[in-house]
Amino acid sequence: MAVANRPILHLWLALLAALFVTTASHAQLPTPGKNAIASRLVAEDAVAVPGETITLALMMRPDKGWHGYWKNPGDSGIETQIDWTLPPGVTAGPIQYPVPHRLVIGGLMNYVYEGDYAQLIDVKVPADIAPGTKLPLRATVDYLACTKEVCVPETAKVALDLTVGPRPGPMANRAMFDGFRQALPKPLGSPAKFAMAGNRFRLAVPVPAGLAVDDPYFYPLTDGALAYAATQTFSRAGDMLIIETDAGAAGATLGAVEGVLKVGDGIGLSLNAVPGAVPPAGEPLTAASGASASVDSSAILFALLGALVGGLLLNIMPCVFPILSLKAISLAKAGGDERSAKREALAYTAGAVLICLALGAALLAIRAGGASAGWAFQLQDPRVILVLLLLITAVALNLAGLFELPALTGGGRLAAKGGTSGAFWTGALAAFVATPCTGPFMGAALGAALVLPTPAALAVFAGLGLGLALPFLLLGFVPALRRKLPKPGAWMNRFRRIMSVPMFLTALALAWILGRQAGVDAMSLGLAAAVLLALALWWVGRRQGRRGAWLPLAPAIAAAAAALFLLPVAAAQPATAASQSDALKSEPFTEARLAALQQEGRPVFAYFTADWCVTCKVNEKTAIERDQVIKAFADKNVAVLVGDWTRGDAAIGRFLEKHGRSGVPLYLYYRPGQPVEVLPQVLTTSQLVSLVS
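Residues numbered from 1 in each chain as written. Predicted model: local features only at pLDDT ≥ 70, side-chain atom pairs only at ≥ 80, totals over all residues. Heavy atoms only, no water.

Formally: UniProt positions are given in the numbering used here, feature names are shortened, and annotations may be inferred rather than shown by experiment.
By the naming in an unreviewed UniProt entry, the chain is Thioredoxin family protein, taken from Sphingomonas lutea. Under the heading Subcellular location (unreviewed entry), UniProt records this for the chain: "Cell membrane".

### Describing the overall build of the chain
Our working rule: Helix numbers and strand numbers start at the N terminus; a helix is a DSSP run of H or I with at least 4 residues, a strand a run of E with at least 2. Only protein chains enter the accessibility calculation, which uses a 1.4 Å probe; a residue is then buried when its area is under 20% of its type maximum, exposed when over 50%, and partly exposed in between. Whether two residues are in contact is decided by their heavy atoms, any of which lying within 4.5 Å being enough. For every accessible area listed, the method is Shrake-Rupley and the probe measures 1.4 Å; residues are considered covered only by the protein chains on display.
A count of helical and extended segments in the chain gives 21 helices and 25 strands. Taking all 693 residues of the chain together, the buried fraction comes to 51%. Contacts in the chain between residues at least 24 apart in sequence constitute 77% of all its contacts with a sequence separation of at least 6. Surface accessibility of the chain: about 29300 Å² in total, with carbon and sulfur atoms responsible for 61%.

### Comments concerning the state of the cysteines
Rules: The disulfide definition used here is simple: a pair of cysteine sulfur atoms within 2.5 Å.
Overall, the coordinates contain one disulfide when judged by the stated rule. Across a sulfur-sulfur distance of 2.1 Å, Cys-146 and Cys-151 are joined as a disulfide pair. Because the sign of the S-S torsion sets the handedness, a value of about 115° for the bond joining Cys-146 and Cys-151 places this disulfide among the right-handed ones. Residue classification places Cys-151 among the buried residues on the basis of a relative accessible area of 7%.

### Some points on the sheet that holds strand β6 (residues 91–92)
In plain terms, the rule: Paired strands, as defined in this entry, are two strands with at least two bridges between them according to DSSP. Here an axis means a line fitted to C-alpha atoms, over the contact stretch when the element is a helix, while the angle between two N-to-C directions is reported on a 0 to 180 degree scale.
Spatially, β1-β3-β9-β6 is the arrangement adopted by the four strands of the open sheet, whose pairing is antiparallel. At either end of the open sheet lies a strand with only one pairing partner, and these are β1 (37–43) and β6. Sheet topology note: the β6/strand β9 (residues 117–124) ladder contains two bridges and is antiparallel. Bridge pairing links Ala-92 to Val-123 in β9. Each of β1, β3 (53–62) and β9 is contacted by helix α2 (residues 174–182), which is oriented at about 75° to β3, the strand it contacts most.

### Regarding the packing of helix α7 (residues 382–399) against helix α14 (residues 491–518)
Defined as follows: Each angle receives one of four descriptions, namely roughly parallel if under 35 degrees, roughly antiparallel if over 145, roughly perpendicular if within 65 to 115, and oblique otherwise. Take the far helix as the reference: if the near one is turned anticlockwise from it by less than a right angle, the crossing is left-handed, and if turned clockwise, right-handed. Each residue is assigned to one class: nonpolar for Ala, Val, Leu, Ile, Met, Phe, Trp, Tyr, Cys and Pro, charged for Asp, Glu, Lys and Arg, and polar for all the others, Gly among them.
Remark: α7 packs on α14, axes separated minimally by 8 Å, with the N-to-C direction vectors making an angle of 160°. By the angle class used here, α7 and α14 are roughly antiparallel. In the packing of α7 onto α14, the handedness of the crossing is left-handed. The class makeup of the residues in the contact of α7 with α14 is 19 nonpolar, five polar and two charged.

### Quick notes on the nonpolar core
Across soluble globular proteins, you tend to see nonpolar side chains buried next to one another. For the record, the criterion: What is meant by a nonpolar core is a set of buried Ala, Val, Leu, Ile, Met, Phe, Trp, Tyr and Cys residues, joined one to another through side-chain atoms within 4.5 Å. A domain assignment, automatic or from a database, supplies the domain bounds used here.
Ranked by internal contacts, the top residues of the largest apolar core, which has 62 residues, are Leu-135, Leu-203, Val-205 and Leu-261. Lining this core are residues from two domains, each supplying at least three of them: domain 1 (37–184) and domain 2 (187–284). Residues within four places of Leu-203 in sequence aside, it is in contact with Ala-192, Lys-193, Phe-194, Phe-218, Leu-241, Ile-242, Ile-243, Ala-273 and Val-278. Counting 37 residues, the second largest nonpolar core, distinct from the first, contains Leu-594, Ala-610, Ala-639 and Leu-656.

### Some points on the pairing of strand β19 (residues 267–275)
Relative to β19, strand β12 (residues 186–187) runs parallel, the two being bridged by two bridges. When the bridges of β19 are listed, Lys-186 appears paired with Leu-269. Sheet topology note: the strand β13 (residues 192–197)/β19 ladder contains three bridges and is parallel. By the bridge assignment, Phe-194 is partnered in β19 with Pro-275. Taking the residues that link successive antiparallel strands as the turn, the strand β18 (residues 257–264)-β19 hairpin has two residues, and the phi of Gly-266 there is positive, at about 75°.

### Structural notes on a nonpolar patch on the surface
Note the threshold: A patch consists of residues exposed above 30% relative accessible area that lack any salt bridge, with like charges linked at up to 9 Å and nonpolar side chains (Val, Leu, Ile, Met, Phe, Trp, Tyr) linked at up to 5 Å. For this analysis, a salt bridge means a side-chain nitrogen from Lys or Arg found within 4 Å of a carboxyl oxygen belonging to Asp or Glu.
Judged by side-chain polarity, Leu-346, Leu-474, Phe-477, Val-478 and Leu-481 come together as a nonpolar surface patch covering roughly 380 Å² of accessible area. For Leu-481, the location among the structural elements is in helix α13 (residues 479–483). Residue class for Leu-481 comes out partly exposed when judged on its relative accessible area of 34%.

### Some thoughts on the UniProt feature "transmembrane region" (unreviewed entry) in the chain
This chain's UniProt record puts "transmembrane region" (unreviewed entry) on residues 299–324, 345–364, 384–403, 424–450, 456–478, 498–516, 522–541 and 553–571. End C-alpha atoms of residues 522–541 are separated by 28 Å, and the span's content is 100% helix alongside 0% strand.

### Considerations on α14
Where we set the bar: Helix span is expected to be 1.5 Å times the residue number reduced by one.
In a regular helix each residue adds 1.5 Å, so 28 residues correspond to 40 Å; α14 covers 41 Å between its end C-alpha atoms and thus fits that length. Two residues or fewer past α14, Gly-519 is found with a positive phi of approximately 100°.

### Points about unusual backbone geometry
A positive phi angle, close to 45°, is found at Asp-215, a residue other than glycine. By secondary structure assignment, the location of Asp-215 is in the loop between β14 (200–206) and β15 (217–220). Here Asp-215 falls in the partly exposed class, since its relative accessible area comes to 40%. The phi dihedral of Asn-637 falls on the positive side, at around 55°, and the residue is not glycine. Structurally, Asn-637 is set in the loop between α19 (627–635) and β23 (639–644). Take Asn-637: its relative accessible area is 42%, and that puts it in the partly exposed class.

### Looking at the packing of α7 against helix α16 (residues 553–566)
Remark: α7 packs on α16, axes separated minimally by 9 Å, with the N-to-C direction vectors making an angle of 155°. What the angle tells us is that α7 and α16 run roughly antiparallel. Taken as a pair, α7 and α16 cross one another with a handedness that is right-handed. Residues Arg-383, Leu-386, Val-387 and Leu-390 of α7 lie in contact with α16, whose contacting residues are Ala-560, Ala-563 and Leu-564. Across the contact of α7 with α16, the residue classes tally to six nonpolar, no polar and one charged.

Structure representation (structure tokens):
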């Protein structure tokens, strides 16, 4: 079943709580040594009859405020896993789940149990086993226990001893097990039909017209059939119940869909649907509200504001500031031409916004396909890094005065058209190269965008581009601001040369990242391509103004294409930021290692980084890897875990998602027995020292 292959997403709730749950939270992690959900095995009878099946119940009792998950947990969570140790010949069947209920947290749909619940397992006893034989049944149970703020993977050892023999009378726990079975979904005798209508999933379930249906809801077991968080609408057409909702990523490709139709309180029908004609909607029933209906508008506004502020802050990043500065200079050159200034400002904004929208749409499409990807996902591909290396090298050489590139300076032929084309592509370039410079406020905002409905998510990405373009937009539309710009003069050329320095440093950083991602051979290949490009551009500069001045670029472009083809994209192992020998004695992050350290009762500082993340590297050099922090952590026996996301490790990507982040950096501090503390994206040494004091 597709659900069984789903990636584990079990800490999404903590992420959403951090983003959307603004009420005071006092949920605590379980006491060390005690699970938040207690589990035990109970048999329907203490006697196992040879050749017969006996039913066991895995009884789960969550502490107040905690919940467990259904087989398909929805947008987050994980199903129960059992590893059996059984006597020879004894076999255990699959877990049978009772009908769950819905729990929406921060826009995510969860299928859960918040009270006591029992999962049934049928155990087959061999026919040739001698009466009086003892049957020790042992199992290790792994499951996820969550509140609305935190999730904890838990493990329980359960045991039960049965005796083989004839049954002397009625089963001891028959009445209790009858109650458990009543909570299981009942099989629907007739097959259902499903069909796709555009991006809508439509399901026709044959149920008698006279059957009372109360608060219906379809719980899909087949992953990807429909969007869990979308609202489901119901209507009745004679003896058919018609369900319509948003389709999932795999909806159009599925040959069958399994699920449970809830028709009343704790009453469900398990069904299998095959492709077929679905009648038009009939008499509407009350819609089952999904998360999309419950997304708080304040959450969307928060994400928009965060993206806007984050985009604004990107302008001071070293890879963006030179571009913005030069566009401001181009406005200064334009003098008092109001119309030209406004056109360029709008074109620059359009370029920045459209690139952010394109990247955001690509990110949402990748994630809808089931992959774990986050903001700046494109930088996890060495080929993109190589293209950026060559592009930034060309920009730096242009700023240094080696040649004139109309598309970047707004001059030349494009300038003759009013400079709008140059302004557009400059805005696009600024947005593209800004992605590794994710600054404060942006991580949470973009993480929030990933759990919002698609139109709201795209609005957040557009807000990022608007924030990035805002300074230039204001310069274009507010003459008073332009008048404060320095008058054109010889200083502009000097300023332009100076601005080439951070761009050369950016190119150097990209070469380093290329080496970290794909190895020294890839870095050498990239540097060779950059040198060849520089020679070609130098030649272009010498021929500037002549006919065919750009022809020398042809071999450089061919060499760059060859380099892209030859680049060993998967040759290198993922860069490992953590090292056993570093002063912090950090270890590579894994959720298993985190759980083990928490079980030991040690405080844990976990941080997530990538070589292409400028903010991450600044924090590491200026705050984390400082002597005061190293001493403070050592004094308090703080364990340090490092999650390196340079090459987009899927497990780390999922963990980031659980904490509401679509990218790095992310800093977490776990105090023993307390909820995790999410730290700001800009750290200081004093902050980290006081954290453990």
